[in-house]
Amino acid sequence: MTDAEYAVTKTRLDTLAALWIPCLGLGSPWDITLHYYRDSGEYGEGNRESATVVPKGYQSFAHTSVSWAYMSAEIYINLGCFVGLEEGEQEKIFVHEACHILVHEMRAATRCNCEEYDMRHEERVCTILAAAFLRSKTYWKDKEEARDDAD
């Protein structure tokens, strides 16, 4: 990844965070930190939990770690995976990760290890929620444009 690709991609994700974190009700008092990794190997080494969650043969774009009791979360982003993706796809992935913050409290296991907890349910729920939130954004944008056209 070039320095220019890094800068553009990081800026895009920072913009998505600024839009979606408050929109999803994850602003104050939540404390959310984004961690960016240029190197996929460094990302993988620093996020061993994500390696247990992602099935073999799949690349992890991002991973979210949540401490719901203290209302803090960290989103670890594998920037190399985001380079070259369309903006809509980047947004879909970011919103999906933010949805993990919303639902994390519902996990039954105290230590979320894939062998102890079936993450497939949470992954599906986060995917469906992200799609619903993104459709809502499009719905309200279209509605506003139609109102503007009528005026």
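Details of the structure are given in the entry above.
Residues numbered from 1 in each chain as written. Predicted model: local features only at pLDDT ≥ 70, side-chain atom pairs only at ≥ 80, totals over all residues. Heavy atoms only, no water.

## Quick notes on the sheet that holds strand E3 (residues 72–78)
Backbone hydrogen bonds are what pair the strands of a sheet, in a parallel or an antiparallel way.
Step number 1: Strand order in the open sheet formed by three strands is E1-E3-E2, with mixed pairing between adjacent strands. Each of the sheet's edge strands pairs with one partner strand only, and the pair in question is strand E1 (31–37) and strand E2 (62–67). Across the sheet, the mean angle from the axis of one strand to that of its neighbour is 15 degrees, orientation sign disregarded.
Step number 2: In this sheet, E3 lies alongside E2 in antiparallel orientation, the contact comprising six bridges. Bridging across to E3, Ser-65 finds its partner in Glu-74.
Step number 3: Sheet contacts for helix H1 (residues 3–23): E1 and E3; angle to E1, the most-contacted strand, approximately 165 degrees.
Step number 4: Its contacts with the sheet place helix H5 (residues 87–103) against E1, E2 and E3, and it is angled at close to 20 degrees to E2. (Pairing = 2+ DSSP bridges. Helix = DSSP H or I, 4+ residues; strand = E, 2+ residues; numbered from the N terminus. Axes fitted to C-alpha atoms, helices over the stretch in contact; angles between N-to-C directions. Contact = heavy atoms within 4.5 Å.)

## Focus on the nonpolar core
Step number 1: Leu-26, Ile-32, Ile-77 and Ile-101 are the most contacted members of the largest nonpolar core, which totals 27 residues.
Step number 2: Of all the secondary-structure elements, those providing two or more residues to this core are H1, E1, E2, E3, helix H4 (79–82), H5 and helix H6 (119–150).
Step number 3: Among the elements that make up this core, the one with the highest residue count is H5 (seven residues).
Step number 4: Excluding residues within four positions of it along the chain, Leu-26 makes contact with Ile-21, Ile-32, Ala-98, Ile-101 and Leu-102. (Core = buried A, V, L, I, M, F, W, Y, C linked by side-chain atoms within 4.5 Å. Buried < 20%, exposed > 50% of the residue type's maximum accessible area, 1.4 Å probe, protein only.)

## Quick word on the packing of aromatic side chains
Step number 1: A complete count under the given rule lists three aromatic pairs for this structure.
Step number 2: Ring geometry for Phe-61 versus Phe-82: centroids 5.9 Å apart, planes at 85 degrees, classification edge-to-face. Highlighted residues: Phe-61 in the loop between helix H3 (48–53) and E2 and Phe-82 in helix H4, separated in sequence by 21 residues.
Step number 3: If you follow Arg-38 out to its NZ or CZ, it ends over the ring of Tyr-6, 4.8 Å from the centre. (Phe/Tyr/Trp six-rings, centres within 6.5 Å; stacked < 30°, edge-to-face > 60°. Lys NZ or Arg CZ within 6 Å of the ring centre and 35° of its normal.)

That is the geometry; function is a separate question.
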